[in-house]
Amino acid sequence: MNLPIEKNGIYEMRIDGMGSNGEGIGRIDGYAVFVDGALPEELVKVLILKTRKSFGFGKLLEVLEPSPERVEPVCPVARQCGGCQLQHLSYKGQLAYKEDKVNEDIARIGGLQGVKSLPIIGVEHPYRYRNKAQFPVGCNKDGQVQIGFYAKRSHRIIDTPVCMLQNEINDNIIQLVKEFLEEFKITTYNEITHKGLVRHILTRIGKHSGEIMVCIVINGKKLPKCEILVERLQQVEGVVSVVLNENHEDTNVILGQKCTTLWGKDTITDTLGGIEFEISPLSFYQVNPLQTEVLYRRALEMANLKGDERVFDLYCGIGTISLFFAQHVKEVFGVEIVEEAIVDAEKNAERNGIGNATFEAGAAEEVIPRLYREKGITADVVVVDPPRKGCDQQLLDVLGQIKPEKIVYISCNPATLARDMKILTEMGFVAEEVQAVDMFPNTIHVEAITMMTYCGKTPKNDG
Ligand code: SAH
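These figures come from a predicted structure and were not determined experimentally. (Residues numbered from 1 in each chain as written. Predicted model: local features only at pLDDT ≥ 70, side-chain atom pairs only at ≥ 80, totals over all residues. Heavy atoms only, no water.)

Caption draft 1: How the structure looks around helix α8 (residues 393-402). What α8 keeps buried is the set Leu-395, Leu-396, Val-398, Leu-399, Gly-400 and Ile-402. Two to three positions downstream of the cap, the backbone nitrogen of Gln-394 sits 3.1 Å from a side-chain oxygen, assigning the N-cap of α8 to Asp-392. Positioned one or two residues after α8, Lys-403 has a phi angle of 50°, which is positive. (Buried < 20%, exposed > 50% of the residue type's maximum accessible area, 1.4 Å probe, protein only. Helix = DSSP H or I, 4+ residues; strand = E, 2+ residues; numbered from the N terminus. Polar contact = N/O pair within 3.5 Å; in protein donor to acceptor, adjacent residues only side chain to side chain.)

Listed below in C-alpha cells is the structure:
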C-alpha cells in the first residue's frame, strides 16, 4: 500500500470539512484524514494514529491557525468525554453544521434535489437542557467507586458528577449514591466479568413539575440497605420516586424489563404544551422538554391540518404527539412497541380529558398492515417518529398502499430519514419541505421534520 503518509508520523494539514461524527476532515496529497476536535479552515498539526486504504485517523496535537468559530469548551472534561462532540465549536457553527448535515443527507442518500430547507431552529440556552441522565457505575483499579460518563468510543468511566448538559441537581444525587455505595461496600458492575451489582443510576426530572425520579439499575434482585438510600434520597428536594430496575443481561442496553418502586410514585409527571404527561421508567420521553414543544409545534404547523383528519401517530411513545395533534383533528390512533408507554399514553389521554385518541401496543410494521388488511383502516395524515434505524420497510410498503394525503416524518437520524424519503418518493410521495430542529446542543445529534404529500405520480410513470 503506497500511502502519502505514515502511521505515527506528524503532519501539518488544512481541515476542509466535517464528518458525520463531528470530526474535522482534511487531505494530505489527496488522502483523507479524520481528526477529532479539528474544525474546517483550521491549520492543524496531527499525529497519524491509523491508516486504511483510502483514509486515516489523526490525533489533534496543535491548532496552528484556529477557526473563527472555535470556542473554549465550558466543560472541563469535554475532550475526553464521549457525550459532547461539538463543545469546541460556536453555537452558531453547530447549527450550520447540523443544517448542512440534514440537507446533504437528503441530497446524497435520498437523491432528492430542491426540497425546501427551512432554517434550523436553535435554542436560547445550549447547556443544562436535559431532563434525563444515565450515569454508568463502576470502579477503578483501587476499588474506588466511579460514577460519571463514558469516554469517547469506549466504556471507560470518566468519574465526574458534573455534566453541563444535565440539571445541577444530579450532582447531589450522584454524590449521595456514591457515598452510599462506598459506605456499605456495595459492589459495582463490571462489564467484562459480568459480576458486581450496581450498573447505572438514571434520573428523570419533570421540567415543569420539578418532580424527580431516581432509578438504580442492578445486576441482581436486591439492593442491600436500600431503605437507607431511600431515606437519604428523600432529603433531596424534588425527589418523589425511587425505583429499582433489574438488568441481569450481558448487554449495553441500560434498563432491564423489571421495575420495583422502592418509595414514592411509580411515575413522574410533566407538562408539554399545556398537556400533562405521566412518564414511567421504561417509557421513552424526549430529553429536551423546552425544544420538544418547539418540535411538535413545527410538526403541527407543517401538517397544516383542516380539523377533520384521522391521524396515525406511529412510534408514539407515551402519546405526546398524539395528544398534541388530537386537539386539532377528528381522531388519532397511536402505535408504540413498549407496552408500559401505551399504558402511560392511555392514562395521559384520560387525565387530560382527550377522548379522540386511542392506542395500541405493538410494532408499527405489524399493527398497521394488519389493521389495513383486515379492517381497511387508513389515515389522512401519518406522523412517524421512529428510533435511529428509521422505519421498517413493511411499514413504508403499507403507507404506499394506504396513500395518506400527508406524511409528517420526525427523525433523529438524517441518514435513515433520507433513505426512507427516497423509498416514499418512489411510491408517489413528494417531499415538500424539511425543518431541522436542534434538540441536542453541543452534540452531533439533530432532529429533522419532513412533510411529504401524496401526489400519486411516481417518478417512473411521471415521465
Ligand atoms: N413520538 C414519541 C417517541 C419517539 S422515540 C415522542 O416524541 O416522545 C421512538 C419510539 O419508538 C420509542 O418510544 C420506541 O419504544 C418506539 N419503537 C421502536 N421500535 C418500534 C416499532 N417497531 N414499532 C413501534 N414503536 C417502536
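Caption draft 2: Molecular detail of the sheet that holds strand β6 (residues 116-121). Judged by pairing direction, the sheet is mixed, and its 8 strands sit side by side in the order β6-β21-β22-β20-β19-β16-β17-β18 without closing on themselves. The outermost strands of the open sheet, each flanked by one partner alone, are β6 and β18 (357-361). Each adjacent strand pair in this sheet contributes to an overall mean axis angle of 15°, direction not counted. Contacts from helix α4 (residues 289-303) reach β6, β20 (406-411), β21 (429-437) and β22 (447-454), with the element oriented near 15° to β22. Along the sheet, helix α6 (residues 339-351) contacts β17 (331-336) and β18; its crossing angle with β18, the most-contacted strand, is approximately 170°. (Pairing = 2+ DSSP bridges. Axes fitted to C-alpha atoms, helices over the stretch in contact; angles between N-to-C directions. Contact = heavy atoms within 4.5 Å.)

Caption draft 3: Fine view of unusual backbone geometry. Despite not being glycine, Lys-225 shows a phi value in the positive range, around 60°. Its place among the elements puts Lys-225 in the loop between β11 (212-218) and α3 (226-234). The residue Asn-304 is not glycine, and still its phi comes out positive at about 45°. Mapping Asn-304 onto the fold places it in the loop between α4 and β16 (310-314). On the basis of relative accessible area, Asn-304 is assigned to the exposed category, the value being 56%.

Caption draft 4: Main features of the pattern of salt bridges. One pass over the full model with this rule turns up 23 salt bridges. Two residues, Glu-278 and Lys-347, come together in a salt bridge whose shortest N-O distance is 3.2 Å. Residue Glu-278 is found in strand β15 (residues 275-279), and its partner Lys-347 is found in helix α6; the two are separated by 69 residues along the sequence. Overall, the relative accessible area of 11% leaves Glu-278 in the buried class. With a shortest N-O distance of 2.9 Å, Arg-419 and Asp-420 are connected by a salt bridge. (Salt bridge = Lys/Arg side-chain N within 4 Å of Asp/Glu carboxyl O.)

Caption draft 5: The arrangement of the nonpolar core in detail. By size, the foremost hydrophobic cluster in this structure holds 89 residues, and its most contacted members are Leu-181, Val-198, Ile-201, Ile-216, Leu-223, Phe-325 and Val-408. The greatest single-element share of this core, amounting to 7 residues, is contributed by β11. Built from parts of two domains, this core gets at least three residues from each of domain 2 (95-124 + 287-454) and domain 3 (132-272). If near-sequence neighbours (up to four positions away) are discounted, Leu-223 is found in contact with Phe-180, Ile-186, Leu-197, Val-198, Ile-216, Ile-218, Leu-229 and Leu-244. The next biggest cluster of nonpolar side chains, apart from the first, holds 41 residues, and it includes Leu-314, Phe-333, Leu-399 and Ala-448. (Core = buried A, V, L, I, M, F, W, Y, C linked by side-chain atoms within 4.5 Å. Domains from an automatic or database assignment.)

Caption draft 6: The arrangement of the environment of Val-367 in detail. Topologically, Val-367 is positioned in helix α7 (residues 364-375). Val-367 sits in the buried class, given a relative accessible area of 2%. Leave out the neighbours within four places in its chain, and Val-367 touches Phe-333, Val-335, Glu-360, Ala-361 and Gly-362.

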